[in-house]
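Examination of the molecular architecture
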Amino acid sequence: MQALQSSALEIFAKKMFNELQGDESLTLSLSGEDTLFTRLSQAKIRQVTTLHQAFVECSFIKGNKTTTFTLPFRGTEEDAAVGIKKLKEARAWIEKLPEDPYLVRPAYYGVTKDENLDTLPSSEEMLSSVLDTASHVDLAGVFSSGDIIRATINSAGQFHWFKTRNYYLDYSLYNEKQKAVKGLFAGNSWNADGLKTNIKDSEYKLSLMNRDSKKIERGAYRVFLAPSAVSELLGTLSWGGVSMGEHKRGGGSLKDLWEGKKKMSEKFSLAEDFSLGMSPRFNDKGEVSPAHLPLIEKGEFRNFLTSTRTANEFKVESNNASDWESLRSPVISTGNLSREEIYKEIGTGLYLSDLHYLNWSDRETARVTGMTRYACFWIENGEIASPIQDLRFDESFYHLFGTGLVDLTNFADISPATGSYFQRDVGGTKAPGILVNDFKFTL
Amino acid sequence: MPGVSSQRATSWNRAPIDRMANVNLEPGTSTFDQMISSVERGVFMRTTRSWSIDDYRNKFQFGCEYGQLIENGKLTKLVKNPNYRGITAPFWNQLKMVGDRSTFEIGGLTNCGKGEPNQVIFVGHASPTCLFSNIEVFGGGR
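Residues numbered from 1 in each chain as written. Chains lettered and ligands numbered in written order. Predicted model: local features only at pLDDT ≥ 70, side-chain atom pairs only at ≥ 80, totals over all residues. Heavy atoms only, no water.

1. Description of the overall build of chain A
Helices and strands together make up the secondary structure of chain A, namely 10 helices and 18 strands. A compact globule built from 443 residues should have a C-alpha radius of gyration of about 22 Å, and chain A, at 24 Å, falls within 12% of that. In terms of overall dimensions, chain A has C-alpha extents of about 75 × 55 × 35 Å along its principal axes. Surface exposure of chain A reaches about 19,100 Å², of which carbon and sulfur atoms provide 47%. (Helix = DSSP H or I, 4+ residues; strand = E, 2+ residues; numbered from the N terminus. Rg over C-alpha atoms; globule rule 2.2 N^0.38 Å. Areas by Shrake-Rupley, 256 points an atom, 1.4 Å probe, with all protein chains shown as cover.)

Right, dumping it as structure tokens:
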């Protein structure tokens, strides 16, 4: 299949816009990818899926009414015939719909084209390198590579096109006791030596897992959460934690911070920062978000993510967030804790490399629960003593990034989005590790 | 091991993988009233809204949308943000009564994410109302 070009979408859009009548308008939002998914087991290929897909979501407005429909998109002349047929159907059924009081009409948000197509070896070459490098370890996971497109074009003249080419190896290494450590190797440029180092680091962590696991009793401990664990916390915070709409409707989890009743630590700052370059700044409507939007600054509330729809509904100012009002490119500011000092500063406590299956346990108090996973260790007198048996935690964000926060690391790791429900995700997080006092384990 | 036809794909763009399809808890013999009236002090929980379990399906925690106190065999006040947690085998060993068919309904979560690449698929699990003893419950912002 030939790779999709921006011109194909422009040609399709022009034909669709030519069909519009009177007070009608249209926004077309394209998501596409050419992907090789390879599932790996015992460092061998288990299952391969080659995927070429593209869809256009069409948001059609007539008067004060709106409806959406989705079309498969091949980038050929046949697309327009299908699209025009669907548009005519939409024109008929929209009459039966009620008016939308919070309608967001298409506007001109500029024209941009961002193609980040650094030279990568072919997917087959990269996969071959993965298999060679991992031939001596028990590796399970998925290797994914290829192009991703996000684009929007509307009848008011705006057009944004974002295309990136990347890969990730999201894997676990297992030992004979079926204990595992997790690794992620991802990027826009290929570095075979970097892959070797990444797997070697994971092998070292796995060797520590050969020691007998220590059972930790429930209670409060001094804990270091590595950047990957902090990234998981951001994932949960993104789910109603920083959404203006959720807070206006009463379901938001940082209500006390928003209302000025609570603060977090002065050491904690969180921003939506598109300088990471992993996600387009435009949303599905083509609205362009600020390059840098502080959300929490030195422990105090600054902004929530606010879509234009939420702005219309609650008479507040939009910052052009997505309709989901979730984090697309979050960055947590770093602190003073150096890599070399981590174990010493833990003293006696726990080092948590990864967290798993997080969910809110009490939104009103910003409390989150989840499990420790993979390479998590009991630390005694500043040294790794043993791996731990999995623990369940239940802790408030106000404690994690407030009363309990001792320090953040002076480095931050980028965690690219590896989600692939329906389509490969774009975006990522940049987070330091955090040292926390009295972190509560409940099971 | 013989196959049980459980391999499914979420859509044309994903390869089929093993998924739970219709795993149900069979009804027992107790009526709802019998279960409630047997409790001196407890919590009646319904409608899960928060869920978390480890990858060995061992240590879990669930939160519910709605809960009521059971006092001296009767449903009384609403409780705020009811949650419970436990470990799978000991939890099921605390099962005391299983509701009859009148309490049996399809509920829980109607979709489930799994697999690499990720797939979300509709699932349905039917269950009667059940009574457990000595379960750790908490909530109300504490």
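Having seen the model, we can carry on.
2. Remarks on the packing of helix α3 (residues 123-133) of chain A against helix α4 (residues 192-208) of chain A
Two numbers describe a pair of packed helices, the interaxial angle and the distance between the axes. Residues and elements named next belong to chain A. Two elements in contact, α3 and α4, have axes separated by 10 Å at closest approach and are oriented at 35 degrees. As α3 runs across α4, the sense of the crossing is right-handed. Counting all contacts with α3, which are made through Ser129, Val130 and Thr133, the residues of α4 involved are Ala192, Leu195, Lys196 and Ile199. Each residue belonging to the contact of α3 with α4 can be placed in one class, and the counts come to four nonpolar, two polar and one charged. (Axes fitted to C-alpha atoms, helices over the stretch in contact; angles between N-to-C directions. Left-handed = near helix turned anticlockwise from the far one by under 90°. Contact = heavy atoms within 4.5 Å. Nonpolar A, V, L, I, M, F, W, Y, C, P; charged D, E, K, R; others polar.)

3. Describing the pairing of strand β9 (residues 111-114) of chain B
Two faces, one strand: in a regular strand the side chains alternate between the faces of the sheet. Residue and element names in this part refer to chain B. Where β9 and strand β10 (residues 119-122) come together, four bridges link them in antiparallel fashion. Bridge pairing links Lys114 to Gln119 in β10. Between β9 and β10, which pair antiparallel one after the other, the connecting turn spans four residues, and Gly115 there sits at a positive phi close to 90 degrees. (Pairing = 2+ DSSP bridges.)

4. Digging into the packing of helix α1 (residues 6-18) of chain A against helix α2 (residues 78-93) of chain A
Residue and element names in this part refer to chain A. Axis separation between α1 and α2 bottoms out at 10 Å; the angle between their running directions is 30 degrees. The element α1 and its partner α2 pack so that their crossing is right-handed. Only Asp79, Ala80, Gly83, Ile84 and Leu87 of α2 make contact with α1, whose side of the interface consists of Phe12, Lys15 and Met16. Considered class by class, the residues forming the contact of α1 with α2 number five nonpolar, one polar and two charged.

5. Here's the deal with the packing of aromatic side chains
Residues and elements named next belong to chain B. A complete count under the given rule lists 25 aromatic pairs over all chains for this structure. Among the aromatic side chains, those forming a connected cluster through ring pairs are Phe60, Phe62, Tyr84, Phe91, Trp92 and Phe132. Seen from the ring of Phe138, Arg85 lies directly overhead, with NZ or CZ sitting 3.9 Å from the centre. Above the face of the Phe104 ring, Arg101 is positioned so that its terminal group lies 5.2 Å from the ring centre. (Phe/Tyr/Trp six-rings, centres within 6.5 Å; stacked < 30°, edge-to-face > 60°. Lys NZ or Arg CZ within 6 Å of the ring centre and 35° of its normal.)

6. As for the side chain of A:Ser202
Checked against the element boundaries, A:Ser202 lands in helix α4. Other than its neighbours up to four places away in sequence, A:Ser202 contacts A:Tyr171, A:Leu173, A:Val181, A:Lys182 and A:Gly183.

7. Some remarks on the interface of chain A and chain B
Opposite the 38 residues of chain A that make contact, chain B presents 34 residues. Buried area between chain A and chain B, summed over both chains or domains, comes out near 2,900 Å², and the portion from carbon and sulfur atoms is 48%. On the chain A side of the interface with chain B, the three residues burying the most area are A:Tyr357, A:Tyr421 and A:Leu443, jointly 20% of the side's total. The tally of links from chain A across to chain B stands at three salt bridges. In this structure, B:Glu136 engages A:Arg218 in a salt bridge whose closest nitrogen and oxygen atoms are separated by 3.1 Å. Secondary-structure elements contributing two or more residues to the side of chain A that touches chain B are β1 (24-41), β2 (44-62), β5 (138-154), β13 (349-362), β14 (367-380) and β16 (392-396) of chain A. Each residue belonging to the side of chain A that touches chain B can be placed in one class, and the counts come to 11 nonpolar, 17 polar and 10 charged. (Buried area = accessible area lost by both parts, 1.4 Å probe. Salt bridge = Lys/Arg side-chain N within 4 Å of Asp/Glu carboxyl O.)

8. Here we look at unusual backbone geometry
A cis amide bond, omega -5 degrees, links B:Glu116 with the succeeding residue B:Pro117. In this fold, B:Pro117 is placed in the loop between β9 and β10. One non-glycine residue, A:Asn381, adopts positive backbone phi at about 50 degrees. A relative accessible area of 69% means that A:Asn381 is categorised as exposed. (Buried < 20%, exposed > 50% of the residue type's maximum accessible area, 1.4 Å probe, protein only.)

9. A short note on the state of the cysteines
All names here are of chain B. In total, this model carries zero disulfides over all chains according to the counting rule given. Free cysteine: Cys130, not disulfide-bonded; nearest cysteine sulfur from Cys64 at 13 Å. Exposure remark for Cys130: the relative accessible area of 21% places this residue in the partly exposed category. (Disulfide = S-S within 2.5 Å.)

10. Focus on the confidence of the model for chain B
In the predicted model, chain B carries a mean pLDDT of 88, and 96% of its residues have values of at least 70. At the low end of the mean pLDDT range in chain B sits strand β8 (residues 105-107) of chain B, at 79; at the high end sits strand β12 (residues 130-132) of chain B, at 97. (pLDDT = per-residue confidence, 0-100.)

11. Focus: the side chain of A:Asn319
Residue and element names in this part refer to chain A. Checked against the element boundaries, Asn319 lands in the loop between α8 (308-314) and β12 (330-332). Within the structure, the side chain of Asn319 is placed 2.8 Å from the backbone nitrogen of Thr306, a separation counted as a polar contact. Look past the residues within four positions of Asn319 in its chain and what remains in contact with it is Ser289, Pro290, Leu293, Phe304, Leu305 and Thr306. (Polar contact = N/O pair within 3.5 Å; in protein donor to acceptor, adjacent residues only side chain to side chain.)

12. Things to note about the nonpolar core
All names here are of chain A. Counting 47 residues, the largest nonpolar core has Leu225, Leu350, Leu352 and Phe401 as its most contacted members. Contributions of two or more residues to this core are made by β8 (219-225), α5 (227-237), β10 (292-297), β13, β14, α10 (397-403), β17 (405-416) and β18 (428-441). Apart from the residues within four sequence positions on either side, Leu350 is in contact with Ile216, Tyr221, Arg222, Val223, Phe224, Phe377, Trp378, Ile379, Ile388, Leu391 and Phe441. (Core = buried A, V, L, I, M, F, W, Y, C linked by side-chain atoms within 4.5 Å.)

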